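Topology and contacts: notes
One letter stands for each residue in the lines below.
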Amino acid sequence: MEPHDTRRVFVAVDLTDDVRHGLAAHLDAALDGDRLPGSTPPPVNWHLTLRFLGKIGQGAYEGLLAQLDQADLGGPFDLQFGGLGAFPRPARATVLWLGTAGGTDELADLAIAVEEAAVRSGAMPEERPFHPHVTLGRIRPPRDVRPLIERVPPFPLSQRVEAITVFESHLGGAPAVYEILERFRLG
Ligand code: 3AM
């Protein structure tokens, strides 16, 4: 893509292809021909956001990379996925997501390390608590997804988290395009 001075950036744990395929199959099997409500990002866009930076300039971007490079991100760990959930609440959901069931403490520590790197690079501190999730749907108007959440059993796969990824989010098309900018290895 073309070089530019500002980028819409977020830092995330990318899912492995096995997890993407497994999760798509798991949802298909549980839904038995029905679709998820709202708009579902394509599996290639599934990820677990650690920190959304928003639109940042070249200097801030380079500062972020330098801070992530120096950060103690901890070592690799196993991330286990869980069941579905929803923001702000299942009875009136606007975001449908897949949660985590293991490796959650390591993930929270990783999010703290990324947050510290972001703030050291000049970003405003994140006010919202970290809630690890993989977004599977954006729902407008809000819907009651409690029956759906009951219907989909916990997703049994896990993955080894060995790196974090800095993405640029290209909006404008549907779906958004998430371009990999950099990866930082754990450990
Ligand atoms: O990982 P998810 O899908 O939950 O919702 C956006 C997406 O999160 C979130 O950043 C991720 C990549 O686009 N995002 C977008 N705008 C945001 C904002 N203003 C935001 N998160 C916080 N504040």
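Structure: above.
Presented here is a report on the structure given in the accompanying data block. Sequence positions are assigned chain by chain, starting from 1 and proceeding in written order. Whole-chain, interface and lining totals are the exception, using all residues; otherwise, since this is a predicted model, local features are given only for residues with pLDDT of at least 70 and side-chain atom pairs are given and counted only at 80 or more. Where side-chain values are given, they derive from all heavy atoms of the structure, hydrogens and water being excluded.

**Section: helix H1 (residues 17-31)**
- Working definition: helices are DSSP H or I runs of at least four residues, strands are E runs of at least two. Numbering for both runs from the N terminus. Given the number of residues in a helix, its expected span is that number minus one, multiplied by 1.5 Å. With 15 residues, H1 ought to run about 21 Å at 1.5 Å a step, and its terminal C-alpha atoms sit 21 Å apart, in line with that.
- For H1, the complete set of buried residues consists of Val19, Arg20, Gly22, Leu23, His26, Leu27, Ala30 and Leu31.
- Against strand S1 (6-14), strand S3 (77-87), strand S4 (93-102), strand S5 (134-143), helix H4 (146-151) and strand S6 (158-161) lie the buried residues of H1.
- Once H1 finishes, Asp32 follows within two positions and takes phi at roughly 50 degrees, a positive value. Accessibility here uses a 1.4 Å probe with only protein chains present; expressed as a share of the type maximum, an area under 20% marks a residue as buried, one over 50% as exposed, and anything in between as partly exposed. The criterion used for residue contact is that any of the two residues' heavy atoms lie within 4.5 Å.

**Topic: the site of the ligand**
- Whether a residue is near a molecule or strand depends on its heavy atoms: it is near if one of them lies within 4 Å of it. Lining the immediate surroundings of the ligand are Arg8, Phe10, His47, Thr49, Phe52, Arg128, His133, Thr135, Arg138 and Tyr178.
- Counted as a polar contact is a pair of N or O atoms within 3.5 Å, where, for protein atoms, one must be capable of donating a hydrogen and the other of accepting one, and residues adjacent in sequence contribute only when both atoms are in side chains. Within the side chain of Arg128, one N or O atom sits 3.4 Å away from a nitrogen atom of the ligand.
- One of the side-chain nitrogen or oxygen atoms of Thr135 is found 2.8 Å away from an oxygen atom of the ligand.
- Look at the ligand: alone it shows 480 Å² of surface, and the protein chains cover 69% of it.
- Here the ligand occupies the largest pocket.
- Of all the secondary structure elements, the ones that give two or more residues to the shell around the ligand are S1, strand S2 (47-57) and S5.
- Looking at the shell around the ligand element by element, the count peaks at three residues for S2.
- Each residue is assigned to one class: nonpolar for Ala, Val, Leu, Ile, Met, Phe, Trp, Tyr, Cys and Pro, charged for Asp, Glu, Lys and Arg, and polar for all the others, Gly among them. Looking at the shell around the ligand residue by residue, the classes come out as three nonpolar, four polar and three charged. Values of accessible area rely on a 1.4 Å probe in the Shrake-Rupley scheme; residue burial ignores everything except the protein chains shown. A 1.4 Å probe that fits into a set of points on a 1 Å grid over the protein atoms alone but cannot get out defines a cavity; an open set with protein on both sides within 12 Å along at least five of seven lines defines a pocket, and lining residues are those with an atom within 4 Å of a point. Any molecule with more than half of its atoms within 2 Å of a cavity's or pocket's grid points is regarded as sitting in that cavity or pocket.

So yeah, pure geometry; function would need other evidence.
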